[in-house]
Amino acid sequence: MSIALPSVLDTATASVLHSTFCDAIGRDEALLIDGSAVERVGQACLQVLAAATVQAQRSGFAFRIDEPSAPLAEMAKLAGLDSLLSA
Amino acid sequence: MDIAEIQQIFFQECDEGLAGMEVGFAALRGGDKDPETINSVFRCVHSIKGGAGAFGHERLQAYTHQYETLLDLVRSGSLDLTPELLDLLLSAFDLLADHVAASRDGDDAPNDASMLERLTAACTGDAPASAPQRAAEAPAPSAAASAAPVVAGDDFDDLMMMLDDVVPAANEAAADLDDVADGGWRLEYRPAADAFDNGSEPLLLLRELVRLGGTVTHCDLSTLPALPALDPDQAYLGWTLMLPGKVQEDDIRAVFEFAESCFTLVRNGGPEPLPVADMPVAETPVAATPIVAAPVADTPVAEAAPQAPAPTSRAVQTPAPAPVEDAPKAASAPAAQTIRVDLGKLDRLVNLVGELVITQAMLAQRLLEKEFGTVAELVDLEHLTRELQESTMAIRAQPMKTVFSRVPRIIRELEGETGKRVRLEIEGEMTEVDKTVVERIGEPLTHLIRNAVDHGLEMPDDRVAAGKPEEGVVRLSAAHHSGRIVITVADDGRGIDRTRVLARAIERGIVHADAVLSDEEIDNLIFAPGFSTAASVSNISGRGVGMDVVRKNVQALGGRVGIQSRMGSGSSFSLSLPLTLAVLDGMIVTVGEQVLVIPLSHIVESLRPGAGMIKRLGPTGSLIDVRGTYVPILPVANSLGIIQHESNPERGVLIVVESDQGQAALLVDSIQDQRQVVVKSLDANYQPIAGVAGATILGNGRVALIVDVDALASQERVAARSLRAAAA
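Rules used in this analysis
Residues numbered from 1 in each chain as written. Chains lettered and ligands numbered in written order. Predicted model: local features only at pLDDT ≥ 70, side-chain atom pairs only at ≥ 80, totals over all residues. Heavy atoms only, no water. Helix = DSSP H or I, 4+ residues; strand = E, 2+ residues; numbered from the N terminus. Buried < 20%, exposed > 50% of the residue type's maximum accessible area, 1.4 Å probe, protein only. Contact = heavy atoms within 4.5 Å. Areas by Shrake-Rupley, 256 points an atom, 1.4 Å probe, with all protein chains shown as cover. Patch = residues over 30% accessible without salt bridge, like charges linked within 9 Å, V, L, I, M, F, W, Y side chains within 5 Å. Salt bridge = Lys/Arg side-chain N within 4 Å of Asp/Glu carboxyl O. Lys, Arg positive; Asp, Glu negative; His and termini not counted. Charge placed at Lys NZ, Arg CZ, Asp CG, Glu CD. Pairing = 2+ DSSP bridges. Axes fitted to C-alpha atoms, helices over the stretch in contact; angles between N-to-C directions. Left-handed = near helix turned anticlockwise from the far one by under 90°. Nonpolar A, V, L, I, M, F, W, Y, C, P; charged D, E, K, R; others polar. Phe/Tyr/Trp six-rings, centres within 6.5 Å; stacked < 30°, edge-to-face > 60°. Lys NZ or Arg CZ within 6 Å of the ring centre and 35° of its normal. Expected span 1.5 Å × (residues − 1).

Caption draft 1: Geometry of the overall build of chain A. Each helix and strand counted, chain A has four helices and five strands in total. Helices and strands appear in chain A in the N-to-C order β-β-α-β-β-α-β-α-α. Within chain A, the proportion of its 87 residues that are buried is 56%. Partitioning the intrachain contacts of chain A with sequence separation of at least 6 by distance along the chain shows that 78% fall at a separation of at least 24. A total of about 3,100 Å² of accessible surface is found on chain A, and carbon and sulfur atoms cover 49% of it.

As structure tokens, then:
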């Protein structure tokens, strides 16, 4: 399954992103995340991404963020979560 | 603490920030080239912007955003700080103060359209090509962002705009890792669970720390729940950062101005940091995942640093906001530890200490009556009580800086309005005085400053013609002197034209045409109600209601105003004020069976009249001849309704006092003592009484009323004037 991240991943978006990942992970299939359109990202969404990564690993299926945009990569690095992008 | 209280703190810190900016601008005006000066001004604006966003003051936020953009160009060296640009920044600063005041008071925001245009023009017109591009890119929220709170959109723009700065800063920081390991800072930052409220974004603080040279060495996911249990509105992440030792502790703490309880700062080589308050215990297995184990690249010191031994230096958990301006800047110096205390609590403490002083005095008197007055412990108790009282009063003391910091703006406005050029010199701004005095001295001081520029200083051409520099000088100083604070406003202008003042006073009927007055008396005429020498009423001064109000306000604070003036050389107004209003020096007198306190600040002299000094006029009126001047006698007993008193001035004591209405001689039966008394408000404890300013409790437990000299004199004014006229 593939999910395209929206351009704005701010606090207001976090609950939508959370629901999206909960639904997707419930299907127990590999997830390919397209992060190329992300222009802004804050902590609320980064931690949803982190929790989703962990959940996928524990469930034993692949979870990968493809083509992270520069802003996403920079913010993940700033927050010390750049391993998210290489998971 | 609710949001209103936090917002109140924000506005207090705005005031401190504005005061800091004023100092910075004063230094820049004086030719200061230190880059840290403009940096500090930038940081003040940045903090105000951050708080404005957090509390939804959109206009203030938008204004500070543009102001900050220009300041950023200056501090980065993209724009030269020319005198013209400095003038613009100063004008923008004045408007910023208005914006803050409007936000605080819930008023409409000031019209800033023109200033915003000027700020934008300064960014784009004079800046190098790259600078305006950055500024132009800043606003332009996407559709999604426009639905989000303003703060989020704006700060995200800001964030993205500054990302370029972050990465190089992080690289530089990595080069400083040796410094970090030895004497650097270790910082644990864990945003509170509700950190996203009000649109706040913890990553912005992280960014600021990285810009200071910090390196994120660890992201703590130990409290991050499994995905289904995660509440997207709660913050779960925490970080460990290392910062070089050269970074000032104040700068680090400034990042957390509005998130004070969410970080722990410790100097490397010191003890382990204390645990962050309320940090949930890590229980989830998430900590074992690769994400947690992955530190930010290139940070080998990260693991070593926390293990560094040597429990010699301090660990400080949660910062105290530090408004103390003169705290040493060096990182090795002790931090200025301050806390904010609710004023009500402080006043209660002051009140209780006052009660203690009274009780101690009563105890001493009781023991004295039983011939135990010389017991050593009693003496010790008295010393301790006095010391406690002084220490308590000192808590309420504030530096005059809070008042003086407003003066540069007043001067700038006056320069614009009058066309005069003024150099302001300030001395003794750290002189401390009671908070109430600080709060109430602003208005009289403002008028004196306006008076000095409007009436005192000459126009530039006139100054040059008089052989003076084109630029006039207004000197503002504060100093402790004999247990009082003396505030002086001096100018090097034309001085008081006494001939003109006397002529105007005669014209206004304030003095008789044939009155013979000393220079000092003529100078004091400018404090007479309705006096004005301004040929036309200006909007600066000259309404003729200012100087008498100055004296009245100063006297209400238990102070006096003195004037020194020399024609052609300038004038100097000195305000002598008590350090506190909670106690006052008083003369204890008796009238009939009552004991009264007359404030020493009003007393000129006391005397027992000799034969022939009293002139009786009319059925009840009388005057005393004090070295050739007739002073009306006010029988205090009559004014306060006290019976069985001494009504013959020759058998009583006359206390000559200075009042609003001029001098008067209060007739009392006898003088008992002179001492400091604790002032109790009659308004708060009973009800206001005309002629009585308050009360105190004496050592014997009796209540003594404190005489309101001005009110008593005012009651007798009409009669006194007619008597004086008749005697003359």
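Once the structure has been displayed, the description carries forward.
Caption draft 2: Up close: the side chain of Glu22(B). For Glu22(B), the location among the structural elements is in helix H1 (residues 3-29). Excluding residues that lie within four positions of it along the chain, Glu22(B) makes contacts with Phe93(B), Ser405(B), Pro408(B), Arg409(B) and Arg412(B).

Caption draft 3: Looking closely at a negative patch on the surface. All names here are of chain B. Taken together, Asp 194, Asp 197, Asp 231 and Asp 233 make up a surface patch of like negative charges. With respect to the element layout, Asp 233 can be found in the loop between strand S2 (215-220) and strand S3 (238-243). The class of Asp 233 is partly exposed, set by a relative accessible area of 45%.

Caption draft 4: The arrangement of the sheet that holds strand S7 (residues 422-427) of chain B in detail. Residues and elements named next belong to chain B. Across the sheet, five strands lie side by side as S7-S9-S10-S12-S11; this open sheet has mixed pairing. Since the sheet does not close on itself, it has two edges, and those belong to S7 and strand S11 (560-566), each with one partner. Averaged over all pairs of adjacent strands, the angle between their axes in this sheet comes to 15°, without regard to strand direction. Where S7 lies against strand S9 (residues 472-481), six bridges are found, and the strand directions are parallel. When the bridges of S9 are listed, Ile 426 appears paired with Leu 476.

Caption draft 5: Region of the structure containing the packing of helix H17 (residues 407-418) of chain B against helix H18 (residues 435-456) of chain B. Residue and element names in this part refer to chain B. Between H17 and H18, whose axes approach to 10 Å, the crossing angle comes to 35°. Taken as a pair, H17 and H18 cross one another with a handedness that is right-handed. Contact with H17, carried on its side by Val 407, Ile 410, Ile 411, Glu 413, Leu 414 and Thr 418, involves Thr 446, Ile 449, Arg 450, Val 453 and Asp 454 of H18 and no other residues of that element. For the contact of H17 with H18, the per-class residue count stands at six nonpolar, two polar and three charged.

Caption draft 6: Expanded view of the packing of aromatic side chains. For the structure on display, the rule yields eight aromatic pairs over all chains. Relative to Phe63(A), the ring of Phe21(A) lies with its centre 5.8 Å away and its plane at 50°, an arrangement referred to as tilted. Of this pair, Phe21(A) sits in helix H1 (residues 11-25) while Phe63(A) sits in strand S5 (residues 63-66), and the two are 42 residues apart along the sequence. Across this residue pair, the class does not change: Phe21(A) and Phe63(A) are buried. The ring of Phe42(B) carries Arg75(B) above its face, with NZ or CZ at 3.6 Å from the centroid.

Caption draft 7: Focus on the pairing of S9(B). For S9(B) and strand S10 (residues 484-491) of chain B, the ladder comprises eight bridges, and the chain directions are antiparallel. Opposite His481(B), over in S10(B), you have Arg484(B) as the bridge partner.

Caption draft 8: Representation of the pattern of salt bridges. Residues and elements named next belong to chain B. One pass over the structure, following the stated rule, counts 37 salt bridges over all chains. Linking Arg 409 and Asp 94 is a salt bridge whose minimum nitrogen-to-oxygen distance equals 3.8 Å. Residue Arg 409 is found in helix H17, and its partner Asp 94 is found in helix H4 (residues 83-105); the two are separated by 315 residues along the sequence. Assessed through its relative accessible area of 19%, Arg 409 is described here as buried. Accessibility expressed as a relative area gives 10% for Asp 94, which makes it buried. A salt bridge links Asp 94 to Arg 412, with the shortest nitrogen-to-oxygen separation between them at 2.5 Å. Residue Asp 94 is found in helix H4, and its partner Arg 412 is found in helix H17; the two are separated by 318 residues along the sequence.

Caption draft 9: Layout of the sheet that holds strand S23 (residues 703-707) of chain B. Residue and element names in this part refer to chain B. The five strands lie next to each other as S21-S13-S14-S23-S22, forming an open sheet whose pairing is mixed. A single partner strand is all that each edge strand has here, and the edge strands are strand S21 (670-678) and strand S22 (692-697). The mean inter-strand angle of the sheet, taken between neighbouring strand axes irrespective of direction, is 35°.

Caption draft 10: Representation of the pairing of strand S13 (residues 583-591) of chain B in the model. Residue and element names in this part refer to chain B. Most of S13 sits out of view: eight of its nine residues are buried. Inspection of the sheet shows S13 paired to S21 by eight bridges, in the antiparallel sense. Looking at the pairing, Thr 590 lines up with Ser 670 of S21. In the sheet, S13 pairs with strand S14 (residues 594-599) via six bridges, with the strands oriented antiparallel. When the sheet's bridge partners are listed, Met 587 is paired in S14 with Ile 598. Counting the residues in the hairpin turn of S13 and S14 gives two residues, including Gly 592, whose phi is positive at 60°.

Caption draft 11: Quick look at helix H2 (residues 35-54) of chain B. Residues and elements named next belong to chain B. Between its terminal C-alpha atoms H2 stretches 29 Å, which fits the 28 Å expected from 20 residues at 1.5 Å a residue. Across the 20 residues that make up H2, a large majority, 14, are buried. Backbone geometry just downstream of H2 places Gly 56 in the positive-phi region, at approximately 75°.

Caption draft 12: Fine view of H17(B). Here H17(B) contains 12 residues, and its C-alpha end-to-end distance of 16 Å stays within 8% of the 16 Å for a straight helix at 1.5 Å per residue. If you check which residues of H17(B) are buried, you get Val407(B), Pro408(B), Arg409(B), Ile410(B), Ile411(B), Arg412(B), Leu414(B), Glu415(B) and Thr418(B).

Caption draft 13: Structural detail: the environment of Val597(B). Residues and elements named next belong to chain B. Tracing the backbone through its elements, the reader meets Val 597 in strand S14. Owing to a relative accessible area of 0%, Val 597 belongs among the buried residues under this scheme. In this structure the C-alpha to C-alpha distance between Val 597 and Ala 695, which are 98 residues apart in sequence, comes to 8.2 Å.

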